Each structure stands twice: as C-alpha cells, then as structure tokens.
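Residues per chain are reported as follows:
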Amino acid sequence: MSDEHSRDLYDRALSVLPGGVNSAVRAAIEPYPPFIQRGDGGHVVDADGDRYIDWVMGLGPLLYGHDLPQPVEAAVQSHVSEGPMYGMPTEIEVEQAEFVARHVPSVEMLRFVNSGTEATVSACRLARAYTGNDKIVVMQGGYHGAQETTLVEGKYDHTSPSSPGIPDSFVEHTLAVPFNDEGAAHTVFEEHGDDIAGVLVEPILANTGIVEPVDGYHDTLRDLCDDHDALLMWDEVITGFRVGGLGCAQSKYDVEPDLTTFGKLIGGGFPVGAIGGPAELVEHFTPSGDVFQAGTFSGHPVTMAAGLESLRYAAENDVYDHVHGLGQQLRRGLQEIVQDQAPQYTVTGTDGMFKLLFTREGPDDFEGHCEGGCSQREACPRYDYCPKNAADVAAGETDRWRRVFWPKMKERGVFLSQNQFESQFVTYAHTEDDVEETLEAYKEAL
Ligand SMILES: *Cc1c(COP(=O)(O)O)cnc(C)c1O
C-alpha cells in the first residue's frame, strides 16, 4: 500500500483549506488523512487506489453504504435533472415530512434545515422563546454541532466556551452535567429550574462513546422537564433512523421528547437537518409563529428525495434486520476477542453502531455478561467498568487507539472512525465476509 497521492493532495490542501480539511475530525489521522477517491458498497478506495472496508460511513449519514439502492438513485437523478432547487415549495418536502411524522412517535410537524448544527441551533432558539427562559442543560461530552450554545466545557454553571470566539456571556446560559448522572440532573434543576428552557441530550452518547443510557435516566430527565415546564430535546441527529429503526431511538427507549433534532440519515447522504415535534411547538417557527427560522437550501428537493426514498426503501426491505444482525455479529465477535486478548476493553454499541473502548479495567470473571456489547445492564459483571459518561470514555487508552491501533487496522485494510470517540456504522452494503475480515484484523491489531 502506498499513500503518495493522499500525501500530495494533503500538501496541496494545506495551502487552501485550514488544516487541509473542511471538518476538523477528518485531520485526526496522522501524519495525514487518506483522501477518498470513491466508494463501493461497504468499501472505499483511496486516492492511491487501495481498497478498505469502511466503518466510517460518512460518520453517520449512509444507511446503504456507498451504493444507493436503485429507487434512491433514480429519485435523486430525476430531481437533479428537473433543476436542483427553486426557492419555492415542492411536493417532495411535504412527502418527506409526512413520512417522518407517520413513523416517529413524538413528531407531528417538522422544519427542515441543512445540517444537524442548524437543527440544534433552531431547537434551542425555539425552546428559549417558548419557555421565556435562557438556560439550556447539556451533557458533558455530548455533541450538538459547531454552535455557540453547546460548545462548552466545565460542569453545572461553571461552564466556559470550549472554543475561542464564543463570548463568556453566551455560555453562562449553558449548564453541563455528566450523562447518566441522575443526581447531577436533579441538582441543576434544583438550583436553576426556574430559568431552564430545556435539556438537550443525545439518547446515546454517540460522539464521545458509545455510551448507552442507564435504566431510568431518560425518564428522570423527562420528569424533571415536566416538573419545571422545560422542553426535553432529543438530539437524534446520529440515532434517528439508525437506532430503533424507523421509530428512532425514542421508540426503542420509549421516551417522548418535546422536540427532536434530526440530520445525517434523514437526508440519504446529502446535507440535511430537521426539527420535529408536536404542531403546538413547531408552529412557533416563522411564518406560523414568531421565532425566526429560514434557509435558502432548506427542504432542498434533491436531499428530500434522497432522504424519503432511503427511508421508504428501509420500510419495504430487510434493511434494519440486515444492519442490526451484522452489528450484533460484530459486537459478539469483538467481545470474544477482547475476553481473550484485552479483557479490560469494553465493547459498546447497539443496532447498527459499534465501538471498542480501550478502557483500563475490567472484571476477572465474565459469567453472565452482555455478549452483544455493553447495554448498561446492572446484573452484568462488567457493569461497574462500562463507561457511564464522557469522562469515563476519555480516561481510556486514547493514544494507543489513535497512534498504534488505528494504523494497524488500516494496514489490514480496515478503516475505523478517526478517533476513539466517534461511532462506527454498519450499513446494508456490508456483508458477513466484511465482518469476519474486520474481526480477524482486530484480532491481529489488538
Ligand atoms: C453530527 C451531529 C450533529 C451535527 O450535525 P452536522 O450536520 O455535522 O452539523 C449534531 N448532533 C449530533 C448528535 C451529531 O451526531
């Protein structure tokens, strides 16, 4: 394997793109990231012509891998050929909204936008306008895009911006608590309950993880929001139409958020975001309400067609069975490998998501443990070792993961996500052979 072309492209990119990339995480691979030439099913081919099994999958938006199912491709082509967009409404936006509202329990109405970031920005604006309060509760290590309200570090009301360029006076309205910590959630509501507009939370910590919720955690957040007239906002940008199938994570965990943000899969691989919820809330957006919200590209016909046909295809075929089945096969296989080679490591993930966390401690005895990855089951001997929040994940062997393990996997023809924290994704295009080959690579690289 050579990587001359990637190196040369990166060299050129450094002159015209800051850090050589258009999204920071892409440069996490050292000394330079592979540039991709094209995708092929569950594989990608890089600029040097080398082929890899791809578990990055766009970091979330691709349910079908790199080959669009025929009806999806046809819908995209036909909308492209009719002229890409108009600045006026089209039927396909209505159809996509109808489809989502029919399948996602808490959603009656949606506003489409162009990214997950835009969705969470607008959701926070809506929550603040609706409640008349300014404070938003987020989870430490939760990710809601590159936006001012949520780029914070610290705890409770001792938060500071996690990036230069964000005024302290913005983040004084953001309260951060550890995921899965019911006590911290109670504390923050006891101290600030009258000023809280809402809680913005990923159902599963998927950008610093993967960490699943402990039993009852989301119910606690639901109750606290109800008791304080705050909005519960679920950020399903990654989990939407991935975890829990067409009903999303809220159907799997049986929790009804007030607002839900979507992105990634809902646009079938094209730039997208959305804010959904009951009409009574979503109608506060302009022009039906007075909370300003707008976008030149919002509801883009090509994106809507790709998203709608992708979801329809999933409704009519064995897509989730295939994806969840392979996900389980991967997680079980990984569990067997680490038990043998690195019993302190933790297999995590659910449905079509998986990750191996390089945790530093584990149990001596695996009797009765969860075979398909940590699902925060209290009876499991791993329960006390399985990360519960972002700090637990960050305490792992992240340098070993990045500097030693990732390159070894690449050498063996397997692309994992760019750092220890991002999820990896199973798609309809992956095969049992891809899973077996990947497990073999883990066995050798660990
Ligand atoms: C990816 C992601 C976002 C940001 O979406 P963009 O389209 O990258 O702006 C927000 N929230 C979650 C949970 C995400 O995974």
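Residues numbered from 1 in each chain as written. Predicted model: local features only at pLDDT ≥ 70, side-chain atom pairs only at ≥ 80, totals over all residues. Heavy atoms only, no water.

S.K.: Looking at this model, I keep getting lost on the sheet that holds strand 16 (residues 424–425). Mind explaining?
M.R.: Spatially, three strands are ordered 13-14-16 in an open sheet, and the strand pairing comes out antiparallel. Strand pairing shows two members of the sheet lacking a second neighbour, strand 13 (346–348) and strand 16, which therefore form its edges. Here strand 13 pairs with strand 14 (residues 353–357) via three bridges, running antiparallel. By the bridge assignment, Thr-346 is partnered in strand 14 with Leu-357. (Pairing = 2+ DSSP bridges. Helix = DSSP H or I, 4+ residues; strand = E, 2+ residues; numbered from the N terminus.)

S.K.: I keep staring at the pairing of strand 2 (residues 43–46) and nothing clicks. Help me out?
M.R.: Along any regular strand the residues' side chains alternate between the sheet's two faces. Residues of strand 2 alternate between two faces, with His-43 and Val-45 on one and Val-44 and Asp-46 on the opposite face, all of them buried. Pairing of strand 1 (residues 36–40) with strand 2 involves four bridges; the strand directions are antiparallel. Its bridge partner lying in strand 2, Asp-40 is registered against His-43. With antiparallel pairing between neighbouring strands as the criterion, strand 1 and strand 2 make up a hairpin whose turn holds two residues, including Gly-41 at a positive phi of roughly 60°. Where strand 2 lies against strand 3 (residues 51–54), three bridges are found, and the strand directions are antiparallel. Bridge pairing links Val-45 to Arg-51 in strand 3. What sits between strand 2 and strand 3 in their antiparallel hairpin is a turn of four residues, with Gly-49 showing a positive phi close to 85°. (Buried < 20%, exposed > 50% of the residue type's maximum accessible area, 1.4 Å probe, protein only.)

S.K.: Can you help me understand the domain arrangement of the protein in this one?
M.R.: Interface size is commonly expressed as the accessible area that is lost once the parts come together. If you check the domain split of the protein, you get domain 1 (4–8 + 36–59 + 319–445) and domain 2 (70–316). Domain 1 and domain 2 are separated by 26 Å when their C-alpha centres are compared. Taken together, the contact pairs 30 residues of domain 1 with 27 residues of domain 2. Taking both partners together, domain 1 and domain 2 bury about 2,200 Å²; carbon and sulfur atoms supply 58% of that area. Taken together, the links from domain 1 to domain 2 amount to one salt bridge. Lys-252 is paired through a salt bridge with Asp-351; the nearest N and O atoms lie 3.0 Å apart. On inspection of domain 1 and its partner domain 2, the count reaches ten residue pairs in polar contact (both at pLDDT 80 or more). (Domains from an automatic or database assignment. Contact = heavy atoms within 4.5 Å. Buried area = accessible area lost by both parts, 1.4 Å probe. Salt bridge = Lys/Arg side-chain N within 4 Å of Asp/Glu carboxyl O. Polar contact = N/O pair within 3.5 Å; in protein donor to acceptor, adjacent residues only side chain to side chain.)

S.K.: What's the story with helix 2 (residues 70–81) in this structure? I'm lost.
M.R.: Spanning twelve residues, helix 2 covers 16 Å between terminal C-alpha atoms, matching the ideal 16 Å at 1.5 Å per step. Along helix 2, the residues classified as buried are Val-72, Ala-75, Val-76 and His-79. Along helix 2, the residues classed as buried sweep out an arc of 95° about the axis, all on the same side. Exposed residues pointing more than 90 degrees away from the buried face of helix 2 are listed as Gln-70 and Ser-81. (Expected span 1.5 Å × (residues − 1). Arc of directions from axis to C-beta.)

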